[in-house]
Amino acid sequence: MKKPLRVLIVEDHEIDAGLLLRAISRGGYEVAYEVVDSPAAMRDALERREWDVTTSDHAMPNFNAPEALALAKELRPELPFIIVSGEIDLNLAVSLMKGGAQDYIQKRELVRLVPAIERELREVQVRREHRRVADALQVSETRYRRLFESARDGILILDAATRRINDVNPFMEELLGYTRDEFLQKELWEIGLLEDAEASQETFRNLQEKGYIRYENLPLRTKEGSAREVEFVSNIYVENGHEVIQCNIRSIAARKEAEAGVREINAELERRVRERTVQLEAVNKEQEAFNYSVSHDLRTPLRQIDGFVEALLEDYSGKLDVEVLQLIRNIGASTQRMNALIDALLALGRFSRDELEWQSVDLSALARQIASELQQSDRARQVEFVIGEDITTKGDARLLRTVLENLLSNAWKFTAQRVTARIEFDAAPRADGSVRYFVRDDGAGFDMAHIDKLFGAFQRLHSEREFPGSGIGLATVERIIHRHGGQVWAEGEVDKGATFSFTL
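Residues numbered from 1 in each chain as written. Predicted model: local features only at pLDDT ≥ 70, side-chain atom pairs only at ≥ 80, totals over all residues. Heavy atoms only, no water.

*Asks:* Honestly, the overall build of the chain in this entry has me stumped. Any pointers?
*Replies:* When its secondary structure is counted, the chain shows 13 helices and 19 strands. Among the 504 residues that make up the chain, the fraction classed as buried is 37%. Relative to all contacts within the chain whose residues are 6 or more apart in sequence, the contacts with residues 24 or more apart total 60%. Of the roughly 29400 Å² that the chain leaves accessible, carbon and sulfur atoms contribute 51%. (Helix = DSSP H or I, 4+ residues; strand = E, 2+ residues; numbered from the N terminus. Buried < 20%, exposed > 50% of the residue type's maximum accessible area, 1.4 Å probe, protein only. Contact = heavy atoms within 4.5 Å. Areas by Shrake-Rupley, 256 points an atom, 1.4 Å probe, with all protein chains shown as cover.)

*Asks:* It is not clear to me how the sheet that holds strand β8 (residues 154–159) should be interpreted in this structure. Could you clarify?
*Replies:* As summarised here, the arrangement of the five strands in space is β9-β8-β12-β11-β10, forming an open sheet in which the pairing is antiparallel. In the strand order of this sheet, the two ends are held by β9 (165–168) and β10 (212–221), each with one partner. Strand-to-strand twist in this sheet, taken as the mean axis angle between neighbours without regard to direction, amounts to 25 degrees. Sheet topology note: the β10/strand β11 (residues 227–239) ladder contains eight bridges and is antiparallel. (Pairing = 2+ DSSP bridges. Axes fitted to C-alpha atoms, helices over the stretch in contact; angles between N-to-C directions.)

*Asks:* Mind showing me how you'd approach the packing of aromatic side chains here?
*Replies:* Each aromatic ring pair is summarised here by two numbers: the centre-to-centre distance and the angle between the ring planes. Within the structure shown, the criterion is met by four aromatic pairs. Here F446 and F500 contribute two aromatic rings whose centre-to-centre distance is 6.3 Å and whose plane-to-plane angle is 45 degrees, an arrangement assigned as tilted. Taken together, the positions of F446 in the loop between β17 (435–441) and α13 (473–483) and F500 in strand β19 (residues 498–502) put the pair 54 residues apart, joining distant regions of the chain. Taking the relative accessible area as the measure of exposure, F446 reaches 5% and is therefore buried. Seen from the ring of W51, R49 lies directly overhead, with NZ or CZ sitting 4.5 Å from the centre. The positively charged end of R381 is found above the aromatic ring belonging to W412, 4.2 Å away from the centroid. (Phe/Tyr/Trp six-rings, centres within 6.5 Å; stacked < 30°, edge-to-face > 60°. Lys NZ or Arg CZ within 6 Å of the ring centre and 35° of its normal.)

*Asks:* Please clarify how helix α3 (residues 65–75) should be interpreted in this entry.
*Replies:* Along an α-helix, residues three or four apart share an orientation, since each turn contains 3.6 residues. The complete set of buried residues in α3 reads A65, A68, L69, L71 and A72. The arc enclosing the buried residues of α3, seen along the axis, measures out at 165 degrees, which places them on a common side. Structurally, the start of α3 carries an N-cap: the backbone nitrogen of E67 is 2.9 Å from a side-chain oxygen of N64. (Arc of directions from axis to C-beta. Polar contact = N/O pair within 3.5 Å; in protein donor to acceptor, adjacent residues only side chain to side chain.)

*Asks:* What should I look at first to understand helix α1 (residues 14–26) in this one?
*Replies:* A rise of 1.5 Å per residue sets the reference length of α1, with its 13 residues, at 18 Å; its end C-alpha atoms lie 18 Å apart and thus fit the reference within 8%. Within the span of α1, buried status applies to A17, L20, L21, A23 and I24. Each buried residue of α1 lies within a common arc of 160 degrees when the element is viewed along its axis, so the set occupies one face. Relative to its buried face, α1 has exposed residues pointing more than 90 degrees away, namely E14, I15 and R26. (Expected span 1.5 Å × (residues − 1).)

*Asks:* Any chance you could explain the packing of helix α12 (residues 397–414) against α13 here in plain terms?
*Replies:* How two helices pack is summed up by the angle between their axes together with the distance between the axes. Contact geometry of α12 with α13 gives a least axis separation of 9 Å together with a crossing angle of 145 degrees. In this structure, the crossing between α12 and α13 has a hand that is left-handed. Taking contact as the criterion, the partners of L399, T402, V403, N406, L407 and N410 in α12 are, on α13, G473, L474, T476, V477, I480 and I481. Counted by class, the contact of α12 with α13 contains seven nonpolar, five polar and no charged residues. (Left-handed = near helix turned anticlockwise from the far one by under 90°. Nonpolar A, V, L, I, M, F, W, Y, C, P; charged D, E, K, R; others polar.)

*Asks:* Teacher, can you tell me more about a nonpolar patch on the surface here?
*Replies:* Together, L312, Y316, L320 and V324 line one region of the surface with nonpolar side chains, adding up to about 290 Å² of accessible area. Looking at where V324 falls in the secondary structure, it is placed in helix α10 (residues 322–353). (Patch = residues over 30% accessible without salt bridge, like charges linked within 9 Å, V, L, I, M, F, W, Y side chains within 5 Å. Salt bridge = Lys/Arg side-chain N within 4 Å of Asp/Glu carboxyl O.)

*Asks:* Hey, could you run me through the confidence of the model for the chain in this one?
*Replies:* Note: predicted coordinates in regions of low pLDDT should not be interpreted at a detailed level. For the chain, the average pLDDT comes to 83, and 89% of its residues sit at 70 or higher. Mean pLDDT in the chain bottoms out at α10, which sits at 72, and peaks at β17, which reaches 96. (pLDDT = per-residue confidence, 0-100.)

*Asks:* Quick question: what am I supposed to make of the sheet that holds β19 here?
*Replies:* Strands in a sheet are paired, the pairing made by backbone hydrogen bonds, and the direction either parallel or antiparallel. Strand order in this open sheet of five strands is β14-β16-β17-β19-β18, and the pairing throughout is mixed. Of all the strands in the sheet, the pair left with one neighbour each is β14 (382–387) and β18 (488–492). Looking at each pair of strands side by side, their axes are set apart by 15 degrees on average, direction ignored. Taken together, the five bridges between β17 and β19 define a ladder with antiparallel strand orientation. Bridge pairing in β19 places V439 opposite F500. Contacting β14, β16 (420–429) and β17, helix α11 (residues 363–377) runs over the sheet at an angle of about 175 degrees to β14.

*Asks:* I tried to follow the packing of α11 against α12 on my own but got confused; where do I start?
*Replies:* The N-to-C vectors of α11 and α12 enclose an angle of 45 degrees; their axes lie 10 Å apart at closest approach. As the angle between them shows, α11 and α12 are arranged oblique. Where α11 crosses over α12, the two elements pack in a sense that is right-handed. Residues L363, L366, A367, Q369, I370, E373, L374, Q375 and S377 of α11 pack against A397, L400, R401, L404, E405, L408, S409 and W412 of α12. Of the residues belonging to the contact of α11 with α12, the class tally is 10 nonpolar, four polar and three charged. (Parallel < 35°, antiparallel > 145°, perpendicular 65-115°, else oblique.)

*Asks:* I'm lost on the nonpolar core in this one. Help?
*Replies:* A general trend in soluble globular proteins is that nonpolar side chains are found buried together. L363, L404, L408, F425 and F500 are the most contacted members of the largest nonpolar core, which has 37 residues in total. Looking at this core, the elements that each hand over two or more residues are α11, β14, α12, β16, β17, α13, β18 and β19. Ranked by residues supplied to this core, first place goes to α12 with eight residues. The residues touching L363, leaving out its near neighbours within four places in the chain, are I391, T392, T393, L400, L404, F425 and Y437. Judged by nonpolar contacts, the second largest core, of 24 residues, contains A160, I245, C247 and I249. (Core = buried A, V, L, I, M, F, W, Y, C linked by side-chain atoms within 4.5 Å.)

*Asks:* Help me understand the environment of L400 in this model?
*Replies:* By the secondary structure assignment, L400 is in helix α12. Residues L400 and I481 lie 81 residues apart in sequence; the distance between their C-alpha atoms is 8.2 Å. For L400, the contacting residues outside a window of four places in its chain are V361, L363, T393, G395, H484 and L504.

*Asks:* Please explain the side chain of T54 as it appears in this structure.
*Replies:* With respect to the helices and strands, the residue T54 is situated in strand β3 (residues 53–56). With relative accessibility at 0%, the residue T54 sits in the buried group.

*Asks:* Please clarify how the pairing of β19 should be interpreted in this entry.
*Replies:* For a regular strand, side chains alternate in direction, first toward one face of the sheet and then toward the other. Among the five residues in β19, five count as buried, and that is most of the element. Where burial is concerned, the two faces of β19 agree: the one with A498, F500 and F502 and the one with T499 and S501 are both buried. Summarising the sheet, β18 and β19 pair through five bridges and their orientation is antiparallel. What sits directly across from V488, in β19, is F502. Taken together, β18 and the strand that follows it, β19, pair antiparallel across an intervening segment of five residues, in which D495 is found at a positive phi of about 65 degrees.

This is the structure we're talking about:
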């Protein structure tokens, strides 16, 4: 396949132009060309399109090679220009080549034309590549210089052999107060960066061995004698075959100030933690005293009342009428109810204080165990339990079992009036990446207008006659879920069931 070539031919003889094109075509090129024989035509061709090479006859009626060369150099200075002429004075040919022509070929030697063109095309490519590299180098040097001059670190460039400063950036002048001229040709110890000549020599020995050194909290003084603490980093590299040392000096005043601020904040936090710990210890002691009072002081009169009721029933049941006996039995039931409430209250306190024991918890397995226990408690009921598979999480297994016991027991209790019932436990992903666990039933439900009371201790939305209980179960659930960093909420509708959801 022939290679494309665009040739502008400056020639006044049609036959000579045809011979020239034939020679180029036989050299393996598909030629796109234009023949011109005047300055105006050549200018138009050069301005109108791109060319790979220009050939020019020497002497034409209205034009000549020196004029054509001058026009080519004006408009396309990099375009190869080859003189192809029948006769030309050798001195003139040499003069034209000194003026920018790439070669001179006689028309009887057209066999030389294609090699000359190919040589010049290669030269053009080499020049373009050199220019690209030079441009890239210029861009790189410009960027480096811009970074060097705008950096907010002090930068010094040293000659590795003499260890003297060859360049310094403006921030270094600002940092130490020396002028550029006062930095140049100095060693580091002479501008206060290292203690003395001996320390400077030791530093450079380390640098030569490791290629990199770094000092933290290096003290130095400005020209006026002010103290500065800096971070000093130095490395060695080769530039144009010559070893160069770059030193970066960063002021750490802001970091020191920030570190002091952090230490102050930490000290304040530690003080607050100590105060909070003392307060919590006091609260815990008060809670323990309260629990003891509830457990001991309240139970004592209840035990006494219960003892009196039992004594009345044993000693006087035959002497009292039925109505009085029922009243006595009601007193006994009330004391038992009060004992149950005390137990629930103490349990609620424990759930708020006990340490969590984090571990992997199989919620599906726990739910199946609880469902089995509920079904064993009343074999006559027809309740379908639907429990999701492989629902696991991290948490306190004992407390999470209490959560599921309360929620599933509630569902069991509030579906008691259904001939058949369905209770479901499952999990579903949420948009924020967390997991929602839920217990759903098709039982009595509740009115959402009273949702604010649902998780309160001893709050009830149904009478105890309808659905017995202590009123502490959902409050317990909420405390446990909050201790696991989660949230709990409910949705329901009267006679259409309820769904209790929680996250962990």
